[in-house]
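# Remarks on the overall topology
Listed below are the residues making up each chain.
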Amino acid sequence: NLDFADNLYREQLPNMDSLLRQAERKLCRPATITNKFPILTWLPRYRSAYLVQDFIAGFTVGLTTIPQAIAYGVVAGLEPQYGLYSAFMGCFMYIVFGSCKDVTIATTAIMALMVNQYATISPDYAVLVCFLAGSIILLLGLLNMGVLVRFISIPVITGFTMAAATTIGSAQINNLVGLQSKSNDLLPSWKFFFTHLPSIRRWDALLGVVTLVFLLVMKQVTKIKWGHRLFWKYLSLSRNALAVIFGTFLAYILSRDGNQPFRVTGNITAGVPPFRLPPFSTTVDGEYVSFGDMISTVGASLGSIPMIAILEIVAISKAFSKGKIVDASQEMIALGMCNIMGSFVLSMPVTGSFTRTAVNNASGVQTPLGGAVTGALVLMALAFLTQTFYFIPKTTLAALIIAAMISLVELEKISDMWRSKKRDLFPFLVTILTCLFWSLEYGILCGIAANLVYILYSSARPQIVITVEKINGYEIALVDVKQKLDYASAEFLKERVVRFLNHQDSKIQLAVIKGQEINSIDYTVAMNVISLRGDLKALNCDLVCWNWNFGSAGVVCRLKTDMRSVFKFDFNLEELVISHFQSPSNTASTVTIETAQ
């Protein structure tokens, strides 16, 4: 019987030999290669009918990407061509490594804002961060660390996105009316705007407001019921390109007499960027800056930028997966490669773009090959259209950015949180307020910390219901633990039981802890269960752990073998109580084990 009990409570350790053999077999399977290179899965199945749809989708996305890339280059504090440098390599790399056909990789407003603070020192900082962020993301993907994104809740993501959108939109309010602010932060931008109202340029403001209204109205034309619906859809999808074409044409026509009524983008360096290693040192104002000094300047952004980039691409992939399981780790590998290779062509950090991915999906893309058309279109723009970009009004680009940011401020999600669970507003408010008034990097960390407080609190104070039950004339304390126990909650369980018994008028001689939902415990819980038994003995009360699984019971019994008598498995509650009080020794450990045999 003792040998059987020893086997019953023995700790089940993993078979390392079996695990290594399984890992070796998995590594050598062809599926492992195709999982890391999804192009090997979809390319052999590619049909000629897909070619036209992919071309149309890629071309449409390209028309959206080019003006946005120029605008986000400005947001980053770089020359406009850097936005275009960031917009093509990701398209090509995602074809090979990406697993979601709709996702489009390029710089985004949030990425641009996060590199602004040091990209303004030198573009080399943005390129280096692109390489380092890509390396971190790739490493995390290869280590299958995609599970980490589950620790960032939707309220935190929503708060971060809304704060970033508000900051970016506010930074463009001055460009919209022809003013030139020195700061891109929230409060300084609005302060500059209100203190320089007399300096507003009338024609810039007029064009900016008209363009913004045009973009917002054009977004709604898909709801028009009459006419050809396909026409309205593609007209809406082309709104950014149409706005830039109109603004550029207007600026060009009105500047013929030598007077320019608008502030324009200005000279954009022509040509495709050179393919070279990312800069691991730089020169700022004639002074040499080493790799270590560059890393010191970048600081916390080396952690926050990869995290935000991963969040964006995984969230977008899940949104457009259409019932398919998204491999977060593979998306991280794809994004890592996009950033690493992008840094060789002077790209700043990139990630999935929700706007362009939505355009890609609405355009009927069939495979990731549509990205090749988008990338080729950006390269053609760099090679042949940079002189035309000179006349793009800055107010037009500001209108584009503000219109894109308005769609990211999803106020309905706040009401959803209020209706579903008001407590979730706490991490949301912590995130959005710290992001707005401190910084994006530390803001999202504060939001995650606020979420972890909830997790730790619920872990430290599990739901425990203790009732007095009268069974066959015997009064017992029935302890129902509604969730798993771990080291954080061990002391709480003990305190609840002892306090409950001390406050009872009648003398309770048996406390029963139900264990159906206690699937695992640790050493700390085991020590507290042993200690609880001693405390109850001082109160002339016995302890029984009823229907715990053998794994949890084994943790306690391996610490102290005489605790085996506490665990009962093959009784209903009535039988358990009768067995306990009618047994001469008030224990039935051997009976329990014999029954199990």
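All values reported here derive from a predicted model rather than from experimental measurement.

Right, let's talk about the overall build of the protein for a bit. Broken down by element type, the protein carries 30 helices and nine strands. Taken against the 2.2 N^0.38 rule, which gives 25 Å for 597 residues, the C-alpha radius of gyration of the protein at 32 Å runs more than 25% over that of a compact globule. Dimensions along the principal axes, computed over C-alpha positions, put the protein at roughly 110 × 65 × 60 Å. Evaluated residue by residue, the protein yields a buried proportion of 51% over its 597 residues. Across the protein, the fraction of contacts at a sequence separation of at least 24, relative to all contacts at a separation of at least 6, is 79%. Accessible surface, the protein: about 28800 Å² in total, of which carbon and sulfur atoms supply 61%.

Within a beta sheet, neighbouring strands are joined by backbone hydrogen bonds and run either parallel or antiparallel to one another. The strand order across the open sheet built from five strands is β5-β6-β7-β8-β9, with neighbouring strands paired in mixed fashion. One side of each edge strand has no neighbouring strand; the edge strands of this open sheet are β5 (464-471) and β9 (567-568). Sheet topology note: the strand β8 (residues 542-546)/β9 ladder contains two bridges and is parallel. By the bridge assignment for β9, Trp-546 is matched with Lys-568. Set on the sheet, helix α26 (residues 487-502) makes contact with β5 and β6 (474-481); between it and β5 the angle comes to about 40 degrees.

Tallying each qualifying case throughout the model produces three cavities of 30 Å³ or more. Approximately 90 Å³ is the volume attributed to the largest cavity. Lining the largest cavity are 14 residues, and of these Val-103, Thr-104, Asn-360, Pro-368 and Gly-371 sit closest to its centre. For the lining of the largest cavity, the secondary structure elements donating two or more residues are α7 (89-97) and α20 (370-384). Here the lining of the largest cavity is composed, by residue class, of seven nonpolar, six polar and one charged. Its volume calculated, the second largest cavity comes out at about 40 Å³. Surrounding the second largest cavity, Val-74, Gln-172, Asn-175, Lys-394, Leu-397, Ala-398 and Ile-401 form its lining.

We now examine unusual backbone geometry. The phi angle at Asp-285 is positive, at roughly 55 degrees, despite the residue not being glycine. Within the secondary structure layout, Asp-285 lies in the loop between β2 (282-284) and β3 (287-289). Looking at Asp-285, the relative accessible area reads 80%, which means it is exposed. Positive phi, close to 65 degrees, is recorded for Leu-346, a residue that is not glycine. Considering the arrangement of structural elements, one finds Leu-346 in the loop between α18 (328-343) and β4 (351-352). Judged by relative accessible area, which is 10%, Leu-346 ranks as buried.

Put simply, the largest pocket is a space of about 1300 Å³. Around the largest pocket, the lining is made up of 46 residues, and of these Phe-354, Thr-355, Ser-407, Leu-408 and Glu-410 lie nearest the centre. The element contributing the most residues to the lining of the largest pocket is helix α17 (residues 301-319), with eight residues. Across the lining of the largest pocket, the residue classes tally to 26 nonpolar, 11 polar and nine charged.

Any pair of aromatic rings gets described here by the distance separating the centres and the angle formed by the planes. In this structure the tally under the stated criterion is 21 aromatic pairs. With a centroid separation of 5.6 Å and 85 degrees between ring planes, the pair formed by Tyr-46 and Tyr-50 is classed as edge-to-face. Classification of Tyr-50 by relative accessible area gives buried; the value is 19%. Taking 5.2 Å as the distance between ring centres and 85 degrees as the angle between the ring planes, the aromatic pair formed by Tyr-252 and Phe-391 counts as edge-to-face.

What follows deals with the pattern of salt bridges. Going through the model one piece at a time under the given rule, you end up with eight salt bridges. Between Asp-204 and Arg-201 there is a salt bridge, with the nearest N and O atoms lying 2.6 Å from each other. According to the relative accessible area criterion, Arg-201 is partly exposed, its value standing at 32%. Glu-410 serves as the salt-bridge partner of Lys-413, at 3.3 Å between the closest nitrogen and oxygen. Using a relative accessible area of 28% as the deciding quantity, one classes Glu-410 as partly exposed.

Each value, and the rule that gives it
Residues numbered from 1 in each chain as written. Predicted model: local features only at pLDDT ≥ 70, side-chain atom pairs only at ≥ 80, totals over all residues. Heavy atoms only, no water. Helix = DSSP H or I, 4+ residues; strand = E, 2+ residues; numbered from the N terminus. Rg over C-alpha atoms; globule rule 2.2 N^0.38 Å. Buried < 20%, exposed > 50% of the residue type's maximum accessible area, 1.4 Å probe, protein only. Contact = heavy atoms within 4.5 Å. Areas by Shrake-Rupley, 256 points an atom, 1.4 Å probe, with all protein chains shown as cover. Pairing = 2+ DSSP bridges. Axes fitted to C-alpha atoms, helices over the stretch in contact; angles between N-to-C directions. 1 Å grid on protein atoms, 1.4 Å probe; cavity = no way out; pocket = protein on both sides within 12 Å on 5 of 7 lines; lining within 4 Å. Points joined across faces, edges and corners; volume = space filled by probe spheres on them. Nonpolar A, V, L, I, M, F, W, Y, C, P; charged D, E, K, R; others polar. Phe/Tyr/Trp six-rings, centres within 6.5 Å; stacked < 30°, edge-to-face > 60°. Salt bridge = Lys/Arg side-chain N within 4 Å of Asp/Glu carboxyl O.

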